[in-house]
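A closer look at the structure
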Amino acid sequence: MAGQRPVGTITRGTTGPNRLRRCDRWLAGPQAWRLRRSAGAPVVVDLGYGSSPVTAVELHARLRTVRPDVEVVGVEIDPERVAAARPLERPGLTFRRGGFEVPLDDGARPVVVRAFNVLRQYGEDEVTAAWATTTARLAPDGLLVDGTCDELGRLAAWVGVTAEGPQHLTLGWRLRGLERPGVVAERLPKVLIHRNVPGEPVHALLTALDDAWAREAARASYGVRQRFIATAATLRRAGWPLLGGADRWRLGELTVEWSAVAPRSGPGAAGPPGHQGP
C-alpha cells in the first residue's frame, strides 16, 4: 500500500474528548470477541480521527482492557493532522496518513476500522464505494463501523459493515433528560439520514420507538433506564429483530439487524427478501 494516493477527501475534522465513548463501549463490549480471537496483536484503525487525535488515544486506552496488546492506528488524510498527532505515539498507538484504503505496514489487516463523522460529509452515492474499499482491507471476521454522533457524543448511530455488507444498526442515547428516542434521527449515518421518511424501514423503527416510549411513560417513576428497557422490550415483542438485551439497553444502546432498517433502494439496500421490520 506504500505510496498509494489516499482515497477520500479532507473533512472538517471537528472532534473532542469522550465524543465517541458510546461506540468505544460497544467495541469493548459486544464486539470484544473480534479482538480476543485474533491470534496475534489485533489491529484497530481510527479512520479520519480529525483535527485532534484524542479519539484514537481514548480508543487505545479502552480497548487495552480487552487486549493489552492491541495496536491502534490513527489514519488521517490530512498530513498536518498526522504530524500534529505523532508526538502522542507510544507502544500500541501510531498515526499515519491515508484514507479509505487503510494503508498499514506489512499487509496488516485490521479487525476493526472505526470511521466516525467521516462519510456523513460525503454524498450518499459515495457510501457503497467507500465501504467496499475499506472492508476489502479487513481481517477475516473484521468490521467497519460507519457512524455519526453529535458534538458531545450524547446521540450516536452507527452501521456495522463486514465484507458481506451491512449487518446491523446501533443507536445510542444519553438517557438522562431524553425527551423521546426519535431525536437520534438527526444523527443517522449517511446511508440512512435521507431515508427517515414514511415508507422507509428506518422511519418505521423510529416511529415505533417513540410510540413505545410514550406507552411506557408510567415507568418514568422508576427511572429513565427502566423506561428505556421497557421500551426496547416492547419493540422486541412487536417483532423488531433486536440484538442483545437489557444489559445493553440500560446503557441507552439498541442494536437492530440491518435487514429490518435497510433502505428500499440505493446504498445499503436490502438484497434478497428478508426481515423488513415487524
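Residues numbered from 1 in each chain as written. Predicted model: local features only at pLDDT ≥ 70, side-chain atom pairs only at ≥ 80, totals over all residues. Heavy atoms only, no water.

Topic: the pattern of salt bridges
Scanning all chains against the criterion turns up 16 salt bridges. Residue arginine 81 is joined to glutamate 76 by a salt bridge in which the shortest nitrogen-to-oxygen separation is 3.3 Å. Glutamate 76 matches arginine 81 in its accessibility class, with the two residues each being buried. Residues joined in a network through salt bridges with shared partners are Asp24, Asp46, Glu58, Arg62 and Arg114. (Salt bridge = Lys/Arg side-chain N within 4 Å of Asp/Glu carboxyl O. Buried < 20%, exposed > 50% of the residue type's maximum accessible area, 1.4 Å probe, protein only.)

Some details on unusual backbone geometry
Backbone geometry places valine 102, a non-glycine residue, at a positive phi of 50 degrees. Relative to the helices and strands, valine 102 resides in the loop between β3 (93-97) and β4 (112-116). Phi at asparagine 117 is positive, roughly 60 degrees, even though this residue is not glycine. Relative to the assigned elements, asparagine 117 resides in the loop between β4 and α5 (127-135). (Helix = DSSP H or I, 4+ residues; strand = E, 2+ residues; numbered from the N terminus.)

Describing the sheet that holds β3
Taken in spatial order, the nine strands make up an open sheet running β3-β2-β1-β4-β5-β6-β7-β9-β8, and their pairing is mixed. Looking along the sheet, the strands with just one partner apiece sit at the ends: β3 and β8 (242-243). In terms of strand pairing, strand β2 (residues 71-76) meets β3 through five bridges, oriented parallel. Bridge pairing in β3 links glutamate 76 to arginine 97. Of the strands in this sheet, β7 (165-173) and β9 (253-257) touch helix α7 (residues 201-215), which is tilted by about 30 degrees from β7. (Pairing = 2+ DSSP bridges. Contact = heavy atoms within 4.5 Å. Axes fitted to C-alpha atoms, helices over the stretch in contact; angles between N-to-C directions.)

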